[in-house]
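Here are the chains, one letter per residue:
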Amino acid sequence: MNRQKSIAKNLCRAQSPQETDSAMENIVTEKKAEESHRQDSADLLIFIMLLTLTILTIWLFKHRRFRFLHETGLAMIYGLIVGVILRYGVHVPRDVSNVTMSCHVNASPATLLVNVSNRFYEYTLKGEIRGDDVQDNEMLRKVTFDPEVFFNILLPPIIFHAGYSLKRRHFFRNMGSILAYAFMGTVVSCFFIGLLMYGCVVLMKYLQQLDGEFFFTDCLFFGAIVSATDPVTVLAIFNELQVDVDLYALLFGESVLNDAVALVLSSSIVAYQPEGDNSHTFEVMAMLKSFGVFLGVFSGSFALGVVTGVVTALISFFTKLRDFQLLETALFFLMSWSTFLLAEACGFTGVVAVLFCGITQAHYTFNNLSPESQDRTKQLFELLNFLAENFIFSYMGLTLFTFHSHVFNPMFIVGAFIAVFLGRAANIYPLSFLLNLGRRNKIRSNFQHMMMFAGLRGAMTFALAIRDTATYARQMMFSTTLLIVFFTVWVCGGGTTQMLSCQRIRVGVDSDQDNSVSIMDGTERRSTKQESAWLFRIWYNFDHNYLKPILTHSGPPLTATLPPCCGPLARFLTSPQAFENEGPLKDDDSDLILTDGEINLSYGDITVSTDATGAHSAFPSAGGAGAATSDDLDKELAYGDHELVMRGTRLVLPMDDSEPSITELQPHIRM
């Protein structure tokens, strides 16, 4: 026994130096982890202080009614200031040991396992850097985020809010023009800019101004990412000044869909791969493959977003989550965000999926939510959108000085500015001319000039550019993109008010009043009916009669719209709220859509009769005395309780969220 104790004691003594080294190494590791934690906290504090300072300055600007600079431009300025301070005023030395290893491999491995004294360490590839770009400032390295942070965390709430807050009435009234600008216009702009930039690159090669490779596909990729417009500054000013609703709808609708199209288009260009590794030559089959990728990714993402929105609507429809508002809001938030991640995991585009998920959620799920959850979801995504956008623009300013691989080429920058300007012109003016051939409500020349001026570049352009900066061409594109965003936000965004005045575009327009249906003006009713596209009228009637009753508590009962033979199924699928008329439509999809028939509206002692063509007549009701004047009718329309009588027709009357609902007006409907 004593011998065994002696052996164990000797073994412990033999291992004591190793245990001591291990303990010392653990202490050093813990100290480094603690220092890294403090450094990370300081880095996040920098961005929090940037946002705080931006918010306070925004309040000052709004209080003083300054419109020459939007909060996004202000966030960029503060980011620039902090970037200069971090670059030239703060230096935190980086504790690194440079070890040079050389090996011959065909491609850089994603991870590297290194054996150091029989201990294995894993290293992750960050990308290729030049010898003079080695970052020795730990602070600058820490404030540089992984590009996936923008795509997976910051972009989803911005894109979802765009779809969720979409004014569907104005959007669908101009749907054909918006789709033309978003799809055809973006493709035209992409190839126009790509061709001009390729000519610029050829000239730079001839003048020996390039230090690396730059192919035609790179030029097309640059054209795709800078074709993504983000006129958040202009739209904020439009909303504040209440600019013409059609101009607002065209610009906002184009920007919403344009971001999604630009993202899928850039992915399709990356997928373009001719026969051979790096030939970068034009081949028909490779082009057709890229076109197929574009259609497949966009349609798949669209379908996934709509399906997720419909599933959320069904969950809220068949459960009683509305009794627990916190759970209801949490489920809505998680289902909406998971749409983006699900699309990315399936190989689709999360931006497209979450955009159409937001539109679907607003169209269906919103009607199933409790009033408290409706307010919560709107305010939640509005807040997330505000914080995410300002964070991204602050980071843009910061990146101008903290990014270590900038490539600024004056010839490429000048060529890019000219190409972006001409590409926007090639998008707006020819398409507007073609669209005006079939539009009753023409896109006037001053609207076209304003849309041309308001084609700002923003969060999506930046996110697409920073996602891949591994090559010389991508680094040059990223640096140039930053300058384009700065210029458009500061110059074009700051000059919005002056441009509106110069183009004599009307402001102070109430969108609800401008688009309301005037009972006393038959011409307006006829024009409203004619302006609604026939395809949309067919879709809207189908949606109102069948989809809304199935997916929401709104709309007419299915027992009134389905054939009598489907009675049991209709009663099963129709919610009790629809039978009790407790779920009036709160949509903003379209103006009043009428079918053939006659409508009589009784206002006290006055009856206004309107036929299907929009013609009307006013006469005293039975038991009433005397005729009413126009002022009396206007007063009754504005304030009086009224009774709606329908004969031989079906009325579809969607209401805006901001408008009083049918139950608030308390009408009596007789058919």
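A quick note: this is a predicted structure, and the numbers were derived from the prediction, not measured.

Caption draft 1: Focus on the overall build of the protein chain. Secondary structure summary: the protein chain contains 26 helices and nine strands in total. Counting the 671 residues in the protein chain, one finds 47% classified as buried. Within the protein chain, contacts between residues separated by at least 24 positions form 79% of all contacts whose residues are at least 6 apart in sequence. Of the accessible surface of the protein chain, which amounts to about 34,200 Å², a share of 61% is contributed by carbon and sulfur atoms.

Caption draft 2: Molecular detail of the packing of aromatic side chains. Inspection of every chain in the model, using the stated rule, returns 27 aromatic pairs. The interplanar angle of 65° and the centroid separation of 4.8 Å between the aromatic rings of Phe403 and Phe478 together place this pair among those described as edge-to-face. Here the residue Phe403 occupies a position in the loop between helix 13 (371-402) and helix 14 (410-436), and Phe478 occupies one in helix 17 (residues 472-494), the gap between them amounting to 75 residues. Taken together through their ring pairs, the aromatic side chains of Phe160, Tyr164, Phe332, Phe333, Trp337, Phe366 and Phe381 make up a single cluster.

Caption draft 3: Spotlight on the pattern of salt bridges. Tallied over the full model, the rule gives five salt bridges. The shortest N-O distance in the salt bridge between Glu148 and Arg467 comes to 3.7 Å. In this pair, Glu148 is assigned in helix 4 (residues 147-164) and Arg467 in the loop between helix 16 (459-466) and helix 17, connecting sequence segments 319 residues apart. When its relative accessible area of 35% is taken as the criterion, Arg467 is described as partly exposed. Its salt-bridge partner being Asp244, residue Arg506 comes within 2.8 Å of it at the nearest N-O pair. You can see Arg506 sitting in the loop between helix 18 (496-503) and helix 19 (511-515) and its partner Asp244 sitting in the loop between helix 8 (232-241) and helix 9 (245-271), a full 262 residues away along the chain. A relative accessible area of 42% places Arg506 in the partly exposed class. Note on Asp244: relative accessible area 4%, which makes it buried.

Caption draft 4: Highlighting the nonpolar core. Met197, Phe214, Phe222, Phe238, Phe412 and Phe462 are the most contacted members of the largest nonpolar core, which has 127 residues in total. The residues contacting Met197, other than those within four sequence positions of it, are Cys219, Phe222, Phe412, Gly415, Ala416 and Ala419.

Caption draft 5: Highlighting the packing of helix 6 (residues 175-206) against helix 14. In the contact formed by helix 6 and helix 14, the axes pass within 8 Å of each other and the chain directions differ by 150°. The pairing of helix 6 with helix 14 is recorded here as roughly antiparallel in orientation. Every pair of crossing elements has a handedness; the one defined by helix 6 and helix 14 is right-handed. Across the contact of helix 6 with helix 14, the residue classes break down as 22 nonpolar, eight polar and no charged.

Caption draft 6: Molecular detail of the confidence of the model for the protein chain. Per-residue confidence for the protein chain gives a mean pLDDT of 75, with 70% of residues at or over 70. Contacts from residues 515-531, a stretch scored under 50 in pLDDT, to residues over four places away or in other chains number 39 contacts.

Caption draft 7: Geometry of a nonpolar patch on the surface. A contiguous nonpolar surface patch, about 600 Å² in accessible area, is contributed by Val188, Phe192, Leu196, Val414, Ile418, Phe421 and Leu422. Contributing elements (two or more residues each) for the nonpolar patch: helix 6 and helix 14. Broken down by element, the nonpolar patch gets its largest block of residues, four residues, from helix 14. Relative to the assigned elements, Leu422 resides in helix 14.

Caption draft 8: Quick peek at unusual backbone geometry. With phi around 60°, Gln208 is a residue other than glycine that occupies positive phi space. By the secondary structure assignment, Gln208 is in the loop between helix 6 and helix 7 (216-225).

Caption draft 9: Quick peek at the side chain of Asp244. A distance of 2.8 Å separates polar atoms of two side chains, one belonging to Asp244 and the other to Arg506. Leaving out residues up to four positions away in the same chain, Asp244 has contacts with Phe447, Arg506 and Val509.

Caption draft 10: Quick peek at the side chain of Thr365. By the element assignment, Thr365 lies in helix 12 (residues 350-368). Relative accessible area serves as the criterion here: at 0%, Thr365 is assigned to the buried category. A distance of 2.6 Å separates a polar atom in the side chain of Thr365 from a polar atom in the side chain of Gln361. Those residues in contact with Thr365 that lie beyond four places of it in its chain are Gly309, Thr312, Ala313, Ser316, Phe332 and Thr360.

Caption draft 11: Seen up close, the pairing of strand 2 (residues 119-124). For strand 2, a buried count of zero out of six residues is recorded, marking the element as mostly open to its surroundings. Pairing between strand 1 (residues 111-116) and strand 2: six bridges, direction antiparallel. Residue pairing in the sheet places Leu113 in a bridge with Glu122 of strand 2.

Conventions we followed
Once a new chain begins, its residue numbering starts again from 1 and follows that chain's sequence as written. Per-residue local features are limited, in this predicted model, to residues with pLDDT of at least 70; the limit for side-chain atom pairs, both in listing and counting, is 80 or more; totals at the level of whole chains, interfaces and linings are taken over all residues. By convention in this description, side-chain values take in all heavy atoms of the structure and omit both hydrogens and water. Strands here are runs of E lasting at least two residues and helices are runs of H or I lasting at least four, both read from the DSSP assignment and numbered beginning at the N terminus. Accessible area is worked out with a 1.4 Å probe on protein chains only. A residue is then buried under 20% of its type maximum, exposed over 50%, and partly exposed in between. Contacts are assigned to residue pairs that have any heavy atoms within 4.5 Å of one another. In this description, accessible areas are obtained by the Shrake-Rupley approach with a 1.4 Å probe, and a residue is regarded as covered only by the protein chains that are shown. Each aromatic pair joins two rings of Phe, Tyr and Trp (for Trp, the six-membered one) with centres within 6.5 Å, and gets the label stacked for planes under 30 degrees apart, edge-to-face for over 60, and tilted for any other angle. The rule for a salt bridge is simple: a side-chain nitrogen of Lys or Arg has to be within 4 Å of a carboxyl oxygen of Asp or Glu. Nonpolar cores are built from buried Ala, Val, Leu, Ile, Met, Phe, Trp, Tyr and Cys residues. Side-chain atoms within 4.5 Å join them into one set. In this description, a line fitted to the C-alpha atoms serves as the axis of each element, helices being fitted only across the stretch in contact, and the angle between N-to-C directions of two axes falls anywhere from 0 to 180 degrees. Here is the rule for angles: anything less than 35 degrees is roughly parallel, anything more than 145 is roughly antiparallel, 65 through 115 is roughly perpendicular, and the remaining ranges are oblique. Crossing handedness: left-handed means the near helix sits turned counterclockwise from the far one by under a right angle, and right-handed means the same turn made clockwise. Classification used: nonpolar for Ala, Val, Leu, Ile, Met, Phe, Trp, Tyr, Cys and Pro, charged for Asp, Glu, Lys and Arg, polar for all others including Gly. Every residue carries a pLDDT, the predictor's confidence in it, which falls somewhere between 0 and 100. Exposure above 30% relative accessible area and the absence of a salt bridge qualify a residue for a patch, where like charges join within 9 Å and nonpolar side chains (Val, Leu, Ile, Met, Phe, Trp, Tyr) within 5 Å. Identification of polar contacts relies on pairs of N or O atoms within 3.5 Å, with a donor-acceptor requirement for protein atoms, meaning one able to donate a hydrogen and the other able to accept it, and with residues adjacent in sequence counted only if both atoms are side-chain atoms. At least two bridges found by DSSP between two strands are what make those strands a pair.

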